[in-house]
Amino acid sequence: MRNAFVTIEQLGKTYSSKNEELVVFEDVSFGIEKGEFVCIIGHSGCGKSTILNVLAGLDKPSHGGIIMDGKEVIGPSLDRGVVFQNYSLLPWLSTLQNVNFAVKARWPNWSKADALEHSVGFLKMVGLGHSLHKKPSELSGGMRQRVSIARAFATNPKLLLLDEPFGALDALTRGVIQDELLKIWSETQQTVFMITHDVDEAILLADRILLMSNGPRARVAESVSINISRPRQRGTIVEDPAYYKIRNYLVNFLVNRAGDESEVGGAHFSVPKVVDPAAERADQRDTSEIDIAALQVATN
Amino acid sequence: MSSLAARSALVSVCLLVGLLGLWEALNQPPTASEALTEFEILMGGVDQEARVPPPSQVMSHAWHELSNPFYDAGPNDKGIGIQLAYSLFRVLTGYVSAALVAIPLGFIIGMSPLMHRALNPFIQVLRPISPLAWMPLALFIIKDSEQSAIFVIFICSIWPMLINTAFGVANVRSDWISVAQTHELSQLKTAFLVILPAAAPTILTGMRISIGIAWLVIVAAEMLVGGTGIGYYVWNEWNNLDLNSVIFSILMIGVVGMALDFALGRVEKLVQYKE
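Procedures and definitions
Residues numbered from 1 in each chain as written. Chains lettered and ligands numbered in written order. Predicted model: local features only at pLDDT ≥ 70, side-chain atom pairs only at ≥ 80, totals over all residues. Heavy atoms only, no water. Helix = DSSP H or I, 4+ residues; strand = E, 2+ residues; numbered from the N terminus. Rg over C-alpha atoms; globule rule 2.2 N^0.38 Å. Buried < 20%, exposed > 50% of the residue type's maximum accessible area, 1.4 Å probe, protein only. Contact = heavy atoms within 4.5 Å. Buried area = accessible area lost by both parts, 1.4 Å probe. Core = buried A, V, L, I, M, F, W, Y, C linked by side-chain atoms within 4.5 Å. Pairing = 2+ DSSP bridges. Axes fitted to C-alpha atoms, helices over the stretch in contact; angles between N-to-C directions. Phe/Tyr/Trp six-rings, centres within 6.5 Å; stacked < 30°, edge-to-face > 60°. Lys NZ or Arg CZ within 6 Å of the ring centre and 35° of its normal. Disulfide = S-S within 2.5 Å. Parallel < 35°, antiparallel > 145°, perpendicular 65-115°, else oblique. Left-handed = near helix turned anticlockwise from the far one by under 90°. Nonpolar A, V, L, I, M, F, W, Y, C, P; charged D, E, K, R; others polar.

Sorry, what's going on with the overall build of chain B here?
Of regular secondary structure, chain B possesses 11 helices and zero strands. Taking 19 Å as the expected radius of gyration for a compact globule of 275 residues, we find that chain B reaches 25 Å, considerably beyond that expectation. Taken along its principal axes, the extent of the C-alpha atoms in chain B is 90 × 65 × 30 Å. Out of the 275 residues belonging to chain B, those deemed buried represent 41%. Considering only contacts within chain B whose residues lie at least 6 apart along the sequence, 72% involve residues at least 24 apart.

Take a look at the structure:
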């Protein structure tokens, strides 16, 4: 893991107030390989967003550090693109200007025409070729997030960070944009780190899912490999024999084990346990009857 | 049913006609039973009380003044256009120099919590001072009444712009700052490409408040410094006991103030954005 493209080591975040210390997460260590799509799932308050912000350079950890491509991560950089949950488009710029502004920041020496052509290309890739000159306020939530994704991919960062990018979208729109994300990702072979609350979304997109235990003192407890062949389709992925094994394993963790100190807590590990549910025997604890609604409540 | 705009316009016209009619009716000079002596005419007719001129008189005077607004017949007899131009020149000079100071300073205060804390006591003490209270000091230091009036406009229009700029800059959404940071924008580029457009509507609101205050203050300042300008004109016509001109110039002050506000309102609309 030390030789991974991105290495997160012993990361911890502590908030100190007058009379108490709140350890949000501690001893978080994992790696991300080049070209890998990694999702992280955990209950609210476990510090997922803080980990992503530290990766982005927007927040500082209390302990530990991050090394990407042989260099320590200090502060924000164009090498790490971020897609925020609330899109974070600049409302006074048009769709095209929002992307073009990022492209110009990335390659200041490009000619105007080159930058525009590059920007238009990525907007077309997310199906927004017809809305180049609209303001974000004239776009639906799904279209805004497409612009945000186009902006992030257009700058060709070494690591792409997605902070629950589909959290504010309705289920139908979400499905469509997941497909588009998969398409762009397979075309660009980006390294992606993504936060999500949606187990199905994580299985569809990820090579590996990191599971976080509940905070305070949250940890990355397990690293679940998703051994389902690509290209994956939203419609057919459920037919893969591994799909429900993985899904049950994840749901079981989130509902039954994430808050269980004895199982995931303690100082006995600092590297997440690697799990491959698809390869394990079929007599895994069956959790298929768990109510999805209960999970939604639990993870929100 | 007619539209709301048409109906409200109808009510406005009715109010205008009604109020002008009332004013006209209440201020008719009494009919004299015999021809007045020249002395009686000078003293306002047979009536013992001075009367406000009726709107018909004011309007015919206004027509007369507006038909030749730029005549110049010596220091005490200039057209209304010349007087307004003097006032506008002072207001715009003081206002623009205030904007040149207030907006960059507001940026510094808004972006730096240290400067905000350090400068806040000065702002809090200086802001409530009536701009006219600066006049004696300005006259003593600058030794020029024209420039003193401009200084008074400068000092009164600086505060709303300064405070609104600082507030707008300090409250730019942190997401947009994050976007600037993740795109490695320099401090200067962040200020011009992200913070300025984000805070522009708030800054323009401050500029609009300032121009209103500046136009209020110029009338009083010119009454003090004298010589030229619409404020001086009002006071001078009062000394001439020419109430037609006084009422006419009051209306002109209102019309010009409205035009200034309208112009900045248009600019404000230009920089407005919807989230």
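Any chance you could explain the interface of chain B and chain A here in plain terms?
Many authors give the size of an interface as the accessible area that is lost as the parts come together. The interface is formed by 17 residues belonging to chain B together with 20 residues belonging to chain A. Here chain B meets chain A over a buried area of about 1600 Å², counting both sides, of which 71% is carbon and sulfur. The three residues of chain B that bury the most area against chain A are B:V179, B:T182 and B:H183, which together make up 35% of that side's buried surface. For the side of chain B that touches chain A, the elements supplying multiple residues, two or more each, are α8 (174–182) and α9 (187–225) of chain B. Here the side of chain B that touches chain A gets six residues from one element, more than from any other, and that element is α8(B).

Mind showing me how you'd approach the nonpolar core here?
As a rule of thumb, nonpolar side chains are buried together in soluble globular proteins. If you look at the biggest cluster of nonpolar residues, it comprises 94 residues, and the most contacted ones within it are A:V6, A:F30, A:I51, A:L55, A:F193 and B:W215. Here this core takes 16 residues from α9(B), the largest share from any one element. Ignoring anything within four residues of it in the chain, the contact list for A:F193 reads A:F30, A:I32, A:V38, A:I40, A:I51, A:L52, A:L55, A:L159, A:L160, A:L161, A:L162 and A:L210. Membership of the second largest hydrophobic core comes to 57 residues, among which are A:V126, A:I209, A:L211 and A:F253.

Just to check I follow, could you spell out the pairing of strand β6 (residues 80–83) of chain A for this structure?
Consecutive side chains of a regular strand alternate in pointing toward one face of the sheet and then the other. Residue and element names in this part refer to chain A. Alternating residues of β6 divide into R80 and V82 and G81 and V83, and every residue in both groups is buried. Pairing analysis gives four bridges linking β6 to strand β7 (residues 159–163), with the strands arranged parallel. Directly across from G81, in β7, lies its bridge partner L160.

Is there a simple way to explain the sheet that holds β6(A) in this structure?
Each strand in a sheet pairs with its neighbour through backbone hydrogen bonds, running either in the same direction (parallel) or in the opposite one (antiparallel). Residue and element names in this part refer to chain A. If you trace the seven strands from one edge of the open sheet to the other, you get β6-β7-β8-β3-β9-β10-β11, paired in mixed fashion. Single-partner strands in this sheet number two, and they are β6 and β11 (273–275). With strand direction ignored, the average angle separating the axes of adjacent strands in the sheet is 20°. On the sheet, helix α1 (residues 48–56) packs against β3 (37–41), β6, β7, β8 (192–195) and β9 (208–212) and is oriented at approximately 150° with respect to β7.

What should I look at first to understand the environment of A:K273 in this one?
All names here are of chain A. Mapped onto the fold, K273 is located in strand β11. Residue K273 is classed as partly exposed on the basis of its relative accessible area of 49%. Distance in space between the C-alpha atoms of K273 and E222 is 4.6 Å, their sequence separation being 51 residues. Beyond its immediate sequence surroundings of up to four residues, K273 is in contact with A221, E222 and S223.

What is the right way to look at the sheet that holds strand β5 (residues 71–72) of chain A in this model?
Residues and elements named next belong to chain A. In spatial order, the strands read β2-β1-β4-β5; together these four strands make up an open sheet with antiparallel pairing. With one partner strand each, in any of the chains shown, β2 (21–32) and β5 form the two edges of the open sheet. Where strand β1 (residues 6–16) lies against β2, eight bridges are found, and the strand directions are antiparallel. From the neighbouring strand, S16 faces β2, where its bridge partner is E21.

I would appreciate a short explanation of helix α10 (residues 230–239) of chain B in the present structure.
Along an α-helix, residues three or four apart share an orientation, since each turn contains 3.6 residues. Residue and element names in this part refer to chain B. Burial within α10 is extensive, with seven of its 10 residues counted as buried. If you check which residues of α10 are buried, you get I230, G231, Y232, Y233, V234, N236 and E237. Where α10 is buried, its residues touch α3 (55–67), α4 (80–111), α9 and α11 (243–271). In the segment just after α10, L241 is the residue with positive phi, at about 55°.

Help me out: how do you make sense of the packing of aromatic side chains in this one?
Aromatic ring pairs are reported here in terms of the distance separating the ring centres and the angle at which the planes meet. Counted by the stated rule, this structure contains nine aromatic pairs over all chains. Look at B:W176 and B:Y273: their rings are 6.0 Å apart centre to centre, the planes differ by 75°, and that puts the pair in the edge-to-face class. Of the two residues, B:W176 is situated in helix α8 and B:Y273 in the segment after α11; the sequence distance between them amounts to 97 residues. Among the residues examined, B:Y273 registers a relative accessible area of 18% and is labelled buried. What links up through ring pairs into an aromatic cluster is the set A:W92, B:W176 and B:Y273. Positioned over the ring face of A:W107 is A:R106, at 5.8 Å from the centre of the ring.

Honestly, the state of the cysteines in this entry has me stumped. Any pointers?
As used here, a disulfide is simply a covalent bond connecting the sulfur atoms of two cysteines. Scanning the entire structure with this criterion turns up zero disulfides over all chains. Free cysteine: A:C39, not disulfide-bonded; nearest cysteine sulfur from A:C46 at 14 Å.

Is there a simple way to explain the packing of α3(B) against α11(B) in this structure?
The axes of two packed helices give the description: the angle between them and the distance between them. Residues and elements named next belong to chain B. Interhelical geometry of α3 versus α11 gives an angle of 70° and a closest axis separation of 9 Å. Of the possible angle classes, the one that applies to α3 and α11 is roughly perpendicular. For the pair α3 and α11, the crossing hand works out as right-handed. Packed against α3, whose contacting residues are Q57, V58, H61, A62, E65 and L66, the element α11 presents N244, S245, I247, F248 and M252 at the interface. Looking at the contact of α3 with α11 residue by residue, the class counts come to six nonpolar, four polar and one charged.

Would you mind going over the environment of B:I250 with me for this structure?
All names here are of chain B. Relative to the elements of secondary structure, I250 occurs in helix α11. Residue I250 is classed as partly exposed on the basis of its relative accessible area of 49%. Expressed as a C-alpha distance, the spacing of I250 and M161, which sit 89 residues apart in the sequence, is 27 Å.

Explain unusual backbone geometry here, please?
Negative phi is the rule for most residues except glycine; trans is the rule for most peptide bonds. Residue and element names in this part refer to chain A. In this model, R230 is joined to P231 through a cis peptide bond whose omega is 0°. You can see P231 is positioned in the loop between β10 (220–225) and α7 (241–257). Positive phi is not limited to glycine here, since N156 has a value of about 45°. Tracing the sequence through the fold places N156 in the loop between α4 (141–154) and β7. With a phi close to 60°, R217 is a non-glycine residue in the positive phi region. Turning to its location among the elements, R217 is positioned in the loop between β9 and β10. Classification of R217 by relative accessible area gives partly exposed; the value is 44%.

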